[in-house]
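Fold and geometry: a report
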Amino acid sequence: MLRLQSQGKLYVVGIGPGSKELLTLKAYEALKNADVVIGHRRYIELIKDLVKGEIIESAMRKELDRVKKAIELAKDKKVCLVSGGDPCIYGIASLVEEFIATNSIEIDYEIIPGITALNAANSLLGCAVSGDHAVISLSDQLVDWEKIEHRLRVMLRSDVPIAIYNPSSLKRADNLKKALEIIFSERGNVKVAIIKNAYREGEEVKIKNLSELNAEEVDMSTILIISSSETVATDKRMLTPRGYSMKYEVGAKTKKAIEIAEQSAEILRNFIPGDTLKEEIVRRAVMATGDLSYRDLIVFKGDPVEAVKALREGAKIIVDVEMVKAGLRAEAISAVSFAKGSERTRTAEGILNLAKEIEGAIVGIGNAPSSAMALCEIAEEHKPAFVVATPVGFVGASESKEMIRKLDLPSITTVGTKGGSGVCTAILNCLIEHARSD
Ligand code: SAH
């Protein structure tokens, strides 16, 4: 065993995203008291005016040399080996740990944590990451690209916000383009936060739709955050609520609001009595619109219990527009966000792009006749479990629902021009609640 007669100590120091204010007090003290500070030029630049001791700058790709040098010097000196953000996260600490362990080096050494790029970006955005999330680096220097692609896909399927480190470099410009295509194929045209130089000179925060993101505007000083289905964003802020929204909604309803809803349901029972699922669905549609004519407008093909069964077995819900998705009491995919912009309407293009997902799913069309027609094109090959189609309007709405009724599929539709996102949402919520009850 190699034994270093040490008076010294090695500190592996995370210096945070850039601003000195975001150094920990412990990192600050270590840097001030160090005999030697060693690190890449970019990081040294950020903290050098704190350092009283010697400074050794080293090149980017010379990590192992830097670690060896730091260990050697730490025999009898206080040495800080600095790393941006946190030294463990895509930083140098793992190499130090590995080198010391594999060479059985006895050394007094300590890792000082730092604020990561994700922590920094997250605060600038509002709270894009608030609970479960995933983190990936697109750098294929240490990990094969195939592995990165695979991991990215798995993360995307878990519907959590994803932070992307090392999104681009001159050498690997293509990696980002490939990653953006994968993200689109799994999540659609979602919002992406682009945070450049968080808490240091040149700071920039942008939020865009994925399709508007230009790979050239992303460099190595940038971290990206890909939103999940629960994320909400403006052009400056991004928030993923912690998932209590259902609870809050119920909790926030006043006693008075509950009373009114109960009264309204009771009055409706006089017009539409009965306890079957079909009768309840009609009541919901009337309640959502205030229009008793829905009694005669709703058409059931097959039994809606089929939809309840499919939901219990875990069927996905795919809807045409965000408005329906926003009103649902369950997770859903909105087709409109799977369109890039073609000759067809965005909802129709989205439905066609989601053809495979539609197989076995509950499909809700509340707004666009064109998406109902697109569904008819693919429904034979990719058969949904159940369709709720209530598109509204004077151009094609009536015909599109007629086409849905002709499919060999169980469905709920409205006849004529009436319908809309509200009715579709009300019917789907009724099915969702039934699926959840015993
Ligand atoms: N150890 C660091 C990560 C180093 S990997 C940490 O804990 O944050 C380098 C990558 O981190 C960069 O390519 C970029 O994606 C991200 N990054 C680091 N500092 C950043 C900053 N101030 N603003 C935006 N991204 C940053």
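Residues numbered from 1 in each chain as written. Predicted model: local features only at pLDDT ≥ 70, side-chain atom pairs only at ≥ 80, totals over all residues. Heavy atoms only, no water.

Before going further, it helps to spend a moment on helix 4 (residues 93-102). One turn of an α-helix holds 3.6 residues; hence residues three or four places apart share an orientation. All of the buried residues in helix 4 are Ala93, Val96, Phe99 and Ile100. Buried residues in helix 4, looked at end-on, bunch into an arc of 130°, giving them a common side. Seen from the buried face of helix 4, the exposed residues on the opposite side, beyond 90 degrees, are Glu98, Ala101 and Thr102. Where helix 4 is buried, its residues contact strand 1 (9-14), helix 3 (63-73), strand 4 (78-83) and strand 5 (109-112). (Buried < 20%, exposed > 50% of the residue type's maximum accessible area, 1.4 Å probe, protein only. Helix = DSSP H or I, 4+ residues; strand = E, 2+ residues; numbered from the N terminus. Arc of directions from axis to C-beta. Contact = heavy atoms within 4.5 Å.)

Right, let's talk about helix 14 (residues 346-353) for a bit. Within the span of helix 14, buried status applies to Thr347, Ala348, Glu349, Gly350 and Ile351. Against the buried residues of helix 14 lie helix 15 (355-358), strand 17 (362-365) and helix 16 (369-378).

Looking now at the site of the ligand. Close to the ligand lie 19 residues; Asp86, Ile89, Ala117, Met220 and Thr222 are nearest. The backbone of proline 17 places a nitrogen or oxygen atom 3.1 Å from a nitrogen atom of the ligand. In this structure, an oxygen atom belonging to the ligand sits 2.8 Å away from a main-chain N or O atom of aspartate 86. For the ligand, the accessible surface in isolation is 550 Å², of which the surrounding protein chains cover 94%. In terms of domain composition, the shell around the ligand takes at least three residues from each of domain 1 (2-115) and domain 2 (118-239). (Near = heavy atom within 4 Å. Polar contact = N/O pair within 3.5 Å; in protein donor to acceptor, adjacent residues only side chain to side chain. Areas by Shrake-Rupley, 256 points an atom, 1.4 Å probe, with all protein chains shown as cover. Domains from an automatic or database assignment.)

The subject of this paragraph is unusual backbone geometry. Look at asparagine 197: it is not a glycine, yet its phi comes out positive at around 50°. Within the fold, asparagine 197 resides in the loop between strand 9 (191-196) and strand 10 (204-209). Assessed through its relative accessible area of 13%, asparagine 197 is described here as buried.

With that settled, the discussion passes to the domain arrangement of the protein. Domains assigned within the protein are domain 1 (2-115), domain 2 (118-239) and domain 3 (253-436). Each of domain 1 and domain 2 has a C-alpha centre, and these two points are 28 Å apart. Between domain 1 and domain 2, the residue contacts involve eight residues of the former and eleven residues of the latter. When residues of domain 1 are sorted by the area they lose upon contact with domain 2, Pro17, Arg61 and Tyr90 head the list and together hold 56% of the total. At the junction of domain 1 and domain 2, the tally comes to zero salt bridges. Residues that form the side of domain 1 that touches domain 2 fall into these classes: five nonpolar, two polar and one charged. (Buried area = accessible area lost by both parts, 1.4 Å probe. Salt bridge = Lys/Arg side-chain N within 4 Å of Asp/Glu carboxyl O. Nonpolar A, V, L, I, M, F, W, Y, C, P; charged D, E, K, R; others polar.)

In the structure shown here, the tally under the stated rule is 22 salt bridges. As a salt-bridge pair, glutamate 186 and arginine 153 come within 3.5 Å of each other at their nearest N and O atoms. Here the residue glutamate 186 occupies a position in helix 7 (residues 173-187), and arginine 153 occupies one in helix 6 (residues 145-157), the gap between them amounting to 33 residues. The partner of arginine 405 in a salt bridge is glutamate 402, with the nearest N and O atoms 3.2 Å apart. Taken as a pair, arginine 405 and glutamate 402 lie in helix 17 (residues 397-406) at a separation of three residues, close to a single helical turn.

Another aspect to go through is the packing of helix 14 against helix 16. Relative orientation of the contacting elements helix 14 and helix 16 amounts to 25°, with a least axis distance of 7 Å. Here helix 16 runs roughly parallel to helix 14, going by the angle between their axes. Seen along the crossing, helix 14 lies across helix 16 with a hand that is right-handed. Contacts between helix 14 and helix 16 pair Thr347, Ala348, Ile351 and Leu352 from the former with Ser370, Ser371, Ala374, Leu375, Glu377 and Ile378 from the latter. For the contact of helix 14 with helix 16, the class distribution of residues is six nonpolar, three polar and one charged. (Axes fitted to C-alpha atoms, helices over the stretch in contact; angles between N-to-C directions. Parallel < 35°, antiparallel > 145°, perpendicular 65-115°, else oblique. Left-handed = near helix turned anticlockwise from the far one by under 90°.)

Neither face of strand 19 (residues 411-414) is open: one carries Ser411 and Thr413, the other Ile412 and Thr414, and all of them are buried. Strand direction decides the pairing type here: strand 14 (residues 298-301) and strand 19, joined by four bridges, are antiparallel. Counterpart to isoleucine 298 in the pairing with strand 19 is threonine 414. Strand direction decides the pairing type here: strand 18 (residues 386-389) and strand 19, joined by three bridges, are parallel. The partner of alanine 389 across the bridge, within strand 19, is threonine 413. For the crossover that starts at strand 18, traverses helix 17 and ends in the parallel strand 19, the hand is right-handed. (Pairing = 2+ DSSP bridges. Right-handed = clockwise from strand over helix to strand, strands pointing away.)

What follows deals with the environment of histidine 150. Its location among the elements puts histidine 150 in helix 6. Separated by 267 residues in the primary sequence, histidine 150 and threonine 417 have C-alpha atoms spaced 46 Å apart.

A word on the nonpolar core. Residues Ile317, Leu328, Ile362, Ile427, Leu428 and Leu431 are the most contacted members of the largest nonpolar core, which totals 34 residues. At the level of elements, helix 10 (277-289), helix 11 (294-297), helix 12 (305-312), strand 15 (317-319), strand 18 and helix 18 (421-436) are the ones that each hand at least two residues to this core. When residues in this core are grouped by element, the largest group, eight residues, is from helix 18. Apart from residues lying up to four places away in sequence, leucine 428 is in contact with Val319, Val324, Leu328, Ile362, Gly364 and Val388. If you look at the next biggest cluster of nonpolar residues, it comprises 26 residues, including Leu138, Leu156, Leu224 and Ile226. (Core = buried A, V, L, I, M, F, W, Y, C linked by side-chain atoms within 4.5 Å.)

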